[in-house]
Structure formats: C-alpha cells, structure tokens
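Listed below are the residues making up each chain.
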Amino acid sequence: MSELRERTTADVDTVIGWVPDAAALYRFAGPRLTWPLTAQQMHDSAAAEGATAWVMDVEQRLVGHAQLTRCGDAVRLGRVLIDPTQRGRGLGRRLVASAVERARQQGAVRVDLSVLADNPAARRIYATLGFTPAPVQEASDMIAMTRNL
Ligand SMILES: CC(C)(COP(=O)(O)OP(=O)(O)OC[C@H]1O[C@@H](n2cnc3c(N)ncnc32)[C@H](O)[C@@H]1OP(=O)(O)O)[C@@H](O)C(=O)NCCC(=O)NCCS
C-alpha cells in the first residue's frame, strides 16, 4: 500500500522551502523549472497532461514530494524531494518505493525517470529499488533509468 497522498495547495509552499537555490532546483527538477521556484510553476507542472503530484507525511509532518506522469502504459517519476532536515534516514527510499507502488496502482507497466549523473544518493535509491539504465538519449549530465512493474 502506497504511503503517498495527493498534494494539496497548502503543501506547495513547504515543498518550495526545501529548495534553497538554483543548484538545488536543478537537482530536484532538471531544466524545466526556473529559479526562483514559484507556486505557479509547481501548479503548472502538476497540471500537465497525465501528471499527478504526491507528498509523503511521517508522523503527520510533510517530509517528501514526488510527481507521476502517465505516458502511455508507463509512468514517469520526477520531482523527487525530501525535506533537507530529514535526509539520510531512509525516507527517500520510502518515498520512491511508495511512488512505484502508486504507479502500479495506476495500472502502469513500467516506471521511467531521469537522474543527474552526479547525484549518488538518488542513484543508489533507484538502483537498489530495481531501476536499471535505459537506452534513451539524455542530456550529457543525466542518466535515464527504468523499472518494469
Ligand atoms: C535524493 C534524496 C531524495 C535522498 O533522500 P534521503 O532521504 O536522504 O535518502 P535515503 O536516506 O532513503 O537513502 C539515501 C541512500 O543514498 C546513499 N547515499 C547518500 N549519499 C551518498 C553518496 N554521496 N554516495 C553514495 N551513496 C550515497 C545512502 O547511504 C543511502 O543508501 P543506503 O540506505 O543503501 O545506505 C534527497 O537527498 C533529496 O531530496 N535530494 C534533493 C533532490 C534530489 O536530488 N532528487 C532526486 C532527483 S532524481
């Protein structure tokens, strides 16, 4: 069972507060969102066709964010973010595992994602949750990964 709940408008400012600068924004969202990150950008991103935005609470505290976007029979996982004060406790792995479970509930047969090559923590999570490199052309600093469900 997925631990995620649908993101609400009230969650957005908290999530924006976890992104302190342009470099952190790039790590979180790649090139599509621009600094300074605004609530409008977050809403527009989640309003894209097939997109749904999710958050994770632990002990009633908002700690994580992810977005799932349906693309045919696959789901694209993106916008993965953990509250900087809560990192290194296994929450990122819990969030990604829950997002994969949610994608399965949505009927997807595969989860795709892109990760910065220079993001060892995220890459470790994806690799240990069964994602493998995908033969997809990416920007030179990014790696595409995929997992069948
Ligand atoms: C990436 C992110 C989600 C990880 O969240 P987290 O809660 O700290 O992650 P976890 O504690 O679940 O796990 C981190 C794993 O990476 C490992 N790790 C951390 N830093 C590492 C490093 N420099 N090199 C190798 N592994 C590293 C940890 O050891 C842990 O693996 P383990 O449990 O097998 O020991 C979080 O750092 C974050 O929000 N970063 C900014 C946004 C981002 O990068 N999003 C991903 C976009 S693709």
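Okay, so let's go over this structure. These numbers were taken from a predicted model, which means no experiment stands behind them. (Residues numbered from 1 in each chain as written. Predicted model: local features only at pLDDT ≥ 70, side-chain atom pairs only at ≥ 80, totals over all residues. Heavy atoms only, no water.)

Quick word on the sheet that holds strand 2 (residues 51-58)
Whenever strands of a sheet pair, they do so through backbone hydrogen bonds, lying parallel or antiparallel. Note the cut-off: Strand pairing is assigned whenever DSSP detects at least two bridges linking the two strands. Secondary structure elements are taken from DSSP: a helix is a run of H or I of four residues or more, a strand is a run of E of two residues or more, and numbering for both begins at the N terminus. Contacts: residue pairs with any heavy atoms within 4.5 Å of one another. Axis definition: a line fit to C-alpha positions, over the contact stretch in the case of helices; interaxial angles, taken between N-to-C directions, run 0 to 180 degrees.
Spatial ordering of the open sheet is given by 1-2-3-4-5-7-6, a layout of 7 strands whose pairing is mixed. A strand with exactly one partner marks an edge of an open sheet, and here the two such strands are strand 1 (4-6) and strand 6 (132-133). Across 7 bridges, strand 3 (residues 61-71) lies against strand 4 (residues 74-82) in antiparallel orientation. The residue bridging Cys71 from the neighbouring strand is Ala74, located in strand 4. Across the sheet, helix 1 (residues 9-16) touches strand 1, strand 2, strand 3 and strand 4, and the angle it forms with strand 3 is around 105°.

Some remarks on the pattern of salt bridges
Inclusion rule: What makes a salt bridge here is a side-chain nitrogen of Lys or Arg within 4 Å of a carboxyl oxygen of Asp or Glu, nothing more. Only protein chains enter the calculation, and the probe is 1.4 Å; a residue is then buried if its accessible area is under 20% of its type maximum, exposed if over 50%, and partly exposed in between.
A full pass over the atoms with the stated rule returns 6 salt bridges. The shortest N-O distance in the salt bridge between Glu3 and Arg94 comes to 2.7 Å. On the criterion of sequence distance, the pair formed by Glu3 in the segment before strand 1 and Arg94 in helix 4 (residues 91-105) is long-range, its members being 91 residues apart. A relative accessible area of 35% means that Glu3 is categorised as partly exposed. A residue is classified by how much of its surface remains accessible, and Arg94, at 35% relative accessible area, is partly exposed. Note that Arg110 is salt-bridged to Asp112, the shortest N-O span being 2.9 Å. According to the relative accessible area criterion, Asp112 is buried, its value standing at 17%.

Quick notes on the packing of helix 4 against helix 5 (residues 120-128)
For the record, the criterion: For classification purposes, an angle smaller than 35 degrees is called roughly parallel, one larger than 145 roughly antiparallel, one from 65 to 115 roughly perpendicular, and anything else oblique. Helix crossings are classified by the rotation of the near helix relative to the far one: an anticlockwise turn of less than a right angle makes the crossing left-handed, while a clockwise turn makes it right-handed. Note that Gly is not counted as nonpolar here; it falls among the polar residues with everything else outside the nonpolar set of Ala, Val, Leu, Ile, Met, Phe, Trp, Tyr, Cys and Pro and the charged set of Asp, Glu, Lys and Arg.
Remark: helix 4 packs on helix 5, axes separated minimally by 10 Å, with the N-to-C direction vectors making an angle of 50°. It follows from the interaxial angle that helix 4 and helix 5 lie oblique. Crossing angle aside, the handedness with which helix 4 passes helix 5 is right-handed. Here Gly92, Arg93 and Val96 of helix 4 come into contact with helix 5, specifically with Arg124, Ile125, Tyr126 and Thr128. The residue makeup of the contact of helix 4 with helix 5, split by class, is 3 nonpolar, 2 polar and 2 charged.

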